[in-house]
Amino acid sequence: MNRRLGVNVDHVATLRQARRTVEPDPVAAALIAELAGADGITVHLREDRRHINDRDVEILRSTVRSRFNLEMSVSRGIVNIACKIKPDQATLVPEKRQEITTEGGLDVLRQKQKIYSVIQRLQKKHIVVSLFIEPDKKQIQAAYDVGADAVELHTGKYANALSLKAIKQELKRLKEAAIFTTSVGLGLNAGHGLTYINTKPLLIEIPGLEELNIGHSIMSRAVLVGMDKAVSQMKTIIDSVQ
Ligand code: PXP
């Protein structure tokens, strides 16, 4: 099975913003990641623009040759930008100002109408819409009901699980969610907290995963060994599971 590796380059912009300067450029990082085998580039344009900014998404739109996935909240201003930029895919995420990174999944059940209308707007622009949700049957059903094309199952709890028992429990939850997702015909993505160690067991256990979005672990390795090596090593892991 051909699974996509979406490389999230937000951290490159975080480093740039540490000095409010122009380097390192996430656009250059994206280019190298693609040359090293990334099947897609993912960035999160946050409402507070703490890392990725409007200039980045504009340039990425015209330079990414693989697949451009924009993580975004459902706020009107951000949706307007997405409709103008037209990424290949929009992944809708919850967003809180104080959080370090996206914490929980999107609560689709509680804001069905809002999410439905955002999906309608994006799909009219031919943007594939994925919803970042907890591996929970009710949320998956709600994602289906509001017309999403795909879901991205939140793997954070799996990634943070410490005991073997907890890891097994999270894998079971993800597996059941994955089976339900494909049974209703939604695309199946996953992400958050995935590393060079926990990605392979996930792929072995969870059938039908089409796309993994990985940022922190790849960027951490890239700092030490280079973007090229870091991306190709993750790609090798993903390709090793058939
Ligand atoms: N998927 C989504 C929806 C995210 O919000 C993030 C974090 O930006 C990721 C994947 C990547 O997570 P990580 O940086 O932990 O690999």
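In this report, we go over the structure that sits alongside the text. Just so it is clear, the model here is predicted, and its values are computed rather than measured.

**Side note on the overall build of the protein chain**
- The secondary structure content of the protein chain amounts to 11 helices and eight strands.
- Here the C-alpha radius of gyration of the protein chain, 17 Å, is about what a compact globule of 242 residues would show, namely 18 Å.
- Dimensions along the principal axes, computed over C-alpha positions, put the protein chain at roughly 45 × 40 × 35 Å.
- Buried residues in the protein chain amount to 50% of all 242 residues.
- Within the protein chain, residue pairs in contact and separated by at least 24 positions form 67% of the contacts whose partners lie at least 6 positions apart.
- Summing over all exposed atoms, the protein chain offers an accessible surface of approximately 11,500 Å²; the carbon and sulfur share of this is 54%.
- Measuring between centres, the 35 positive side-chain charges of the protein chain sit 2 Å from its 28 negative side-chain charges.

**Notes on the pattern of salt bridges**
- Enumeration according to the criterion identifies 15 salt bridges in this entry.
- Notably, a salt bridge pairs Arg49 with Asp54, separated by 2.6 Å at the nearest N-O pair.
- The salt bridge involving Lys157 is made with Glu134; its shortest N-O contact spans 3.3 Å. Of this pair, Lys157 sits in helix α7 (residues 156-160) while Glu134 sits in the loop between β5 (128-133) and α6 (137-145), and the two are 23 residues apart along the sequence.

**Concerning the packing of helix α3 (residues 54-63) against helix α4 (residues 76-85)**
- Where α3 contacts α4, the two axes come as close as 10 Å, and the packing angle between them is 25 degrees. The angle between α3 and α4 falls in the class roughly parallel. Every pair of crossing elements has a handedness; the one defined by α3 and α4 is right-handed. Across the interface between the two elements, Asp54, Val57, Glu58 and Arg61 from α3 touch Ile81, Lys84 and Ile85 from α4.
- Grouping the constituent residues of the contact of α3 with α4 by class yields three nonpolar, no polar and four charged.

**Some remarks on the pairing of strand β6 (residues 150-154)**
- With five of five residues buried, β6 is to be regarded as a mostly interior element.
- Going residue by residue along β6, you find Ala150, Glu152 and His154 tucked away on one face and Val151 and Leu153 tucked away on the opposite face as well.
- Here β5 runs beside β6; their pairing, made up of four bridges, is parallel. Opposite Ser130, over in β6, you have Ala150 as the bridge partner.
- Following the backbone out of β5, through α6 and into the adjacent parallel β6, one traces a crossover that is right-handed.
- Pairing of β6 with strand β7 (residues 187-191) involves five bridges; the strand directions are parallel. Note on β7: the bridge partner recorded for Val151 is Leu188.

Thresholds, definitions, all that
Residues numbered from 1 in each chain as written. Predicted model: local features only at pLDDT ≥ 70, side-chain atom pairs only at ≥ 80, totals over all residues. Heavy atoms only, no water. Helix = DSSP H or I, 4+ residues; strand = E, 2+ residues; numbered from the N terminus. Rg over C-alpha atoms; globule rule 2.2 N^0.38 Å. Buried < 20%, exposed > 50% of the residue type's maximum accessible area, 1.4 Å probe, protein only. Contact = heavy atoms within 4.5 Å. Areas by Shrake-Rupley, 256 points an atom, 1.4 Å probe, with all protein chains shown as cover. Lys, Arg positive; Asp, Glu negative; His and termini not counted. Charge placed at Lys NZ, Arg CZ, Asp CG, Glu CD. Salt bridge = Lys/Arg side-chain N within 4 Å of Asp/Glu carboxyl O. Axes fitted to C-alpha atoms, helices over the stretch in contact; angles between N-to-C directions. Parallel < 35°, antiparallel > 145°, perpendicular 65-115°, else oblique. Left-handed = near helix turned anticlockwise from the far one by under 90°. Nonpolar A, V, L, I, M, F, W, Y, C, P; charged D, E, K, R; others polar. Pairing = 2+ DSSP bridges. Right-handed = clockwise from strand over helix to strand, strands pointing away.

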